[in-house]
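# Observations on chain architecture
Listed below are the residues making up each chain.
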Amino acid sequence: QVQLVESGGGRVQPGGSLTLSCEASGFEFSRYYISWYRQSPGNQRELIGGVTTSDNKHYYLEAMRGRVTISRDNGKNTAYLQMIALKADDTAVYYCNAKASINEYWGQGIQVTVSS
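Residues numbered from 1 in each chain as written. Predicted model: local features only at pLDDT ≥ 70, side-chain atom pairs only at ≥ 80, totals over all residues. Heavy atoms only, no water.

## Side note on the pairing of strand β8 (residues 78-83)
Definition in use: Any two strands with at least two DSSP bridges between them are considered paired. Think of it this way: any DSSP run of H or I at least four residues long counts as a helix, any run of E at least two long counts as a strand, and we number them from the N terminus.
When strand β3 (residues 18-25) meets β8, the two strands line up antiparallel, connected through six bridges. Directly across from Leu20, in β8, lies its bridge partner Leu81. Two elements, strand β7 (residues 68-73) and β8, share six bridges in a ladder whose sense is antiparallel. Residue pairing for β8: Ser71 is matched across the bridge by Tyr80. In textbook terms, the turn of a hairpin is the stretch between consecutive antiparallel strands, and for β7 and β8 this stretch comprises four residues, one of which, Asn77, has a positive phi near 50°.

## Section: the pattern of salt bridges
Test applied: In the sections that follow, a salt bridge refers to a side-chain nitrogen of Lys or Arg positioned within 4 Å of a carboxyl oxygen of Asp or Glu. Exposure classes here rest on a 1.4 Å probe applied to the protein chains alone. A residue is buried below 20% of its type maximum, exposed above 50%, and partly exposed in between.
Applying the stated criterion to the full structure yields six salt bridges. For Glu28, the salt bridge is made with Arg31, and the minimal N-O distance between the two is 3.1 Å. A residue is classified by how much of its surface remains accessible, and Arg31, at 57% relative accessible area, is exposed. Where Arg38 meets Glu46, a salt bridge forms, and the shortest distance between an N and an O atom there is 2.9 Å. Accessibility expressed as a relative area gives 6% for Arg38, which makes it buried. In this structure Glu46 comes out as partly exposed when scored by relative accessible area, which is 29%.

## A closer look at the nonpolar core
For soluble globular proteins, nonpolar side chains are generally found buried alongside one another. To keep it simple, the criterion reads: To qualify as a nonpolar core, a set must consist of buried Ala, Val, Leu, Ile, Met, Phe, Trp, Tyr and Cys residues joined through side-chain atoms within 4.5 Å.
Membership of the largest hydrophobic core comes to 29 residues, with the highest contact counts inside it found for Leu20, Trp36, Ile48, Leu81, Met83 and Tyr94. Within the residue set of this core, elements represented by two or more residues are β3, β4 (33-39), β5 (46-51), β7, β8, β9 (92-100) and β11 (110-114). Among the elements that make up this core, the one with the highest residue count is β9 (five residues).

## A look at the environment of Asn43
Defined as follows: We define a polar contact as two N or O atoms separated by no more than 3.5 Å, with the added condition that, inside protein, one atom must be a possible hydrogen donor and the other a possible acceptor, whereas residues neighbouring each other in sequence contribute only through side-chain atom pairs.
Tracing the backbone shows Asn43 in the loop between β4 and β5. Once the C-alpha coordinates of Asn43 and Ala92 are considered, the two residues, 49 residues apart in sequence, prove to be 9.6 Å apart. At 2.7 Å, the side chain of Asn43 forms a polar contact with the side chain of Ser40.

Shown next, in the form of structure tokens:
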């Protein structure tokens, strides 16, 4: 059974840090491009960035540039999204995505709330 399970979300104060994890099972994780998205209420899902099978990182979301680091550990079938200097505007549901050729899988999403 294919699964992507995000963890590590929750509530954090502005300026704080959080690291999300995305644990995969049921498919060959190392062969998939892993990306992170977020979606806040009333807005479209935004691509934050991703990491290739050869560990090259790409960052796309200007609003988070310089504040996020994406990584992967193929030995643990897990990807990570490290976030620092969090702002209230970063409040959203965060999703991980795995894609290879025609196969694509999504996690269920995890809530991150930035609030004092």
